[in-house]
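# Breakdown of the fold
Here is what each chain is made of, one letter per residue.
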Number of protein chains: 2
Amino acid sequence: MAYKVKGTIWIEGPGGTFLGLGRVNLLQKIAETGSISEAARRMNMSYRQAWEHVDAMNRESKTPIVITNTGGQGGGGTIVTKEGLKALKQFEKLHKRFQSFTSRETTKVKL
Amino acid sequence: MAYKVKGTIWIEGPGGTFLGLGRVNLLQKIAETGSISEAARRMNMSYRQAWEHVDAMNRESKTPIVITNTGGQGGGGTIVTKEGLKALKQFEKLHKRFQSFTSRETTKVKL
DNA sequence: TTGCGTTATACCTGAACATGAATAACGGAT
DNA sequence: ATCCGTTATTCATGTTCAGGTATAACGCAA
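First, a word on what this report is: a plain description of the structure on this page. Remember, predicted model here, so these are calculated numbers, not experimental data. (Residues numbered from 1 in each chain as written. Chains lettered and ligands numbered in written order. Predicted model: local features only at pLDDT ≥ 70, side-chain atom pairs only at ≥ 80, totals over all residues. Heavy atoms only, no water.)

### With respect to the protein's contact with DNA strand D
Rules: Near, as used in this document, describes a residue that has one of its heavy atoms within 4 Å of the molecule or strand being considered. Under the rule applied, a polar contact is a pair of N or O atoms within 3.5 Å (in protein, one hydrogen donor and one hydrogen acceptor; residues adjacent in sequence only if both atoms are side-chain atoms). Numbered from the N terminus, helices here are DSSP runs of H or I no shorter than four residues, and strands are runs of E no shorter than two.
As a structural note, the neighbourhood of DNA strand D is formed by 21 residues, with A:Arg48, B:Ile36, B:Ser37, B:Arg48 and B:Thr68 the closest of them. Within 4 Å of the protein, the contacting atoms of DNA strand D are 63% sugar and phosphate, with bases supplying the remainder. One of the side-chain N or O atoms of A:Gln49 is found 3.2 Å from a phosphate oxygen in DNA strand D. Between DNA strand D and B:Thr68, the relevant distance is 2.8 Å, taken from a phosphate oxygen to a side-chain nitrogen or oxygen of the residue. At the level of secondary structure, the elements contributing two or more residues to the surface near DNA strand D comprise helix 3 (47-60) of chain A together with helix 2 (36-43), helix 3 (47-60), strand 3 (66-70) and strand 4 (76-80) of chain B.

### Focus on the interface of chain B and chain A
To be explicit about the condition: The contact criterion used is simple: two residues touch if any of their non-hydrogen atoms lie within 4.5 Å. Two parts lose some accessible area (1.4 Å probe) when they are put together, and adding that loss for both gives the buried area. Any carboxyl oxygen of Asp or Glu that lies within 4 Å of a side-chain nitrogen of Lys or Arg is treated as forming a salt bridge with it.
Contact with chain B, which involves 29 residues of that partner, is made by 29 residues of chain A. Here chain B packs against chain A, burying approximately 2,600 Å² in sum over the two surfaces, 60% of which is carbon and sulfur. If you look at where chain B meets chain A, you find two salt bridges. Here A:Glu105 makes a salt bridge to B:Arg97, at a shortest N to O gap of 2.8 Å. Between chain B and chain A we count eleven residue pairs in polar contact (both at pLDDT 80 or more) in total. Looking at the side of chain B that touches chain A, the elements with two or more residues in it are strand 1 (4-13) and helix 4 (82-108) of chain B.

### Description of the protein's contact with DNA strand C
Lining the immediate surroundings of DNA strand C are 21 residues, of which A:Ile36, A:Ser37, A:Arg48, A:Thr68 and B:Arg48 lie closest. Here DNA strand C approaches the protein such that, of its atoms within 4 Å, sugar and phosphate make up 62%. Between DNA strand C and A:Tyr47, the relevant distance is 3.4 Å, taken from a base nitrogen to a side-chain nitrogen or oxygen of the residue. One of the side-chain nitrogen or oxygen atoms of B:Thr70 is found 3.5 Å away from a sugar or linking oxygen of DNA strand C. Listing elements by their share of the surface near DNA strand C, those giving two or more residues are helix 2 (36-43), helix 3, strand 3 (66-70) and strand 4 (76-80) of chain A together with helix 3 of chain B.

### Side note on the side chain of A:Glu105
For the record, the criterion: Relative accessibility thresholds used throughout: buried, under 20% of the residue-type maximum; exposed, over 50%; partly exposed, between the two (1.4 Å probe, protein chains only).
For A:Glu105, the location among the structural elements is in helix 4 (residues 82-108). On the basis of relative accessible area, A:Glu105 is assigned to the buried category, the value being 2%.

### As for unusual backbone geometry
Residue and element names in this part refer to chain A. One non-glycine residue, Asn44, lies in positive phi territory at about 55 degrees. As for its placement among the helices and strands, Asn44 is situated in the loop between helix 2 and helix 3. By relative accessible area, which is 76% here, Asn44 ends up exposed.

### Some points on the relation of the copies chain B and chain A
Keep this limit in mind: C-alpha atoms of residues with pLDDT of at least 70 in both copies form the basis for the least-squares superposition of the copies.
Expressed as a screw transformation, the operator carrying chain B onto chain A has a rotation angle of 179 degrees and an axial translation of 0.0 Å, and the superposed copies differ by an RMSD of 0.1 Å. Both copies are brought into coincidence by an operation consistent with a two-fold rotation axis. The rotation axis passes nearest to the C-alpha of B:Thr8 in chain B, at a distance of 2.7 Å. An overlap of 100% is found between the interface residues of chain B and their copies at the interface of chain A, pointing to a shared contact surface.

### Section: the environment of B:Val24
Mapped onto the elements of the fold, B:Val24 is located in helix 1 (residues 21-33). In this structure, the C-alpha to C-alpha distance between B:Val24 and B:Gly77, residues 53 residues apart in sequence, is 18 Å.

### Focus: the nonpolar core
Selection criterion: Nonpolar cores are built from buried Ala, Val, Leu, Ile, Met, Phe, Trp, Tyr and Cys residues. Side-chain atoms within 4.5 Å join them into one set.
One finds A:Ile11, A:Leu19, A:Leu27, B:Ile11, B:Leu19 and B:Leu27 to be the most contacted residues of the largest nonpolar core, which totals 54 residues. In this structure B:Ile11 touches A:Tyr3, A:Lys4, A:Val5, B:Thr17, B:Phe18, B:Leu19, B:Phe91 and B:Leu94, once residues within four positions along its chain are discounted.

### Side note on the environment of B:Arg97
With respect to the helices and strands, the residue B:Arg97 is situated in helix 4. Separated by 91 residues in sequence, B:Arg97 and B:Lys6 place their C-alpha atoms 13 Å apart. Among all residues touching B:Arg97, those that are not within four sequence positions of it are A:Phe101, A:Glu105 and A:Lys108.

Quick look at the structure:
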């Protein structure tokens, strides 16, 4: 069986993508480190790209996904809200079900 | 429910993408018209892009998906093989099941 | 007031990618 | 031999996109 069913999946809000796999990974790193910069560094992602993801997520969400603080001890930081963690967990489950779907479909492909 | 689960899906061969929604639409048009050029015209796709899709499909398939003829009455043309039609139908079914999956998952999203 | 690390934003440049134009090759019909 | 519409391929160009740099704003600590 040389063929594989592959795909990508995401949750879309009224104005565009809300949550995808990349953003979920980023959210996890932010939750761990409390910092967008540090999360970006660990993922080998530019700060700018990370910030744009964060900004887009907040724009697509009624309730904030992360709360950022500028200035203060350590320069500031950002925390992932309760709603952010909830969305994160929901996407993880969705993604697992999607992975089941693709591998199940792969076994069905007869070419 | 403002959020929707969206995604894309495709069948991948050893060397890259074999069949996706765009290629399936193109295959259908080729089967109808017997011509890559005419199919491209009807889809508002450049001939080059259409030809590259066709070439890639044949490269990723053990048995040819389309057979092209250059020269002759009408300048030539291309036909979709039996295996091509089979692959086309299989992808259509896969895509329908994927659409069911995403709409089912959309109802599960609680944010 | 100065220093610090973070958030926030603008700008520039190089690379990847899509597009369109141009052209050759082909082979049956007239 | 010439014409025709198609397949097949190359080239130049334009446009989007990621990357890096640079810099301002912020607010607490010393």
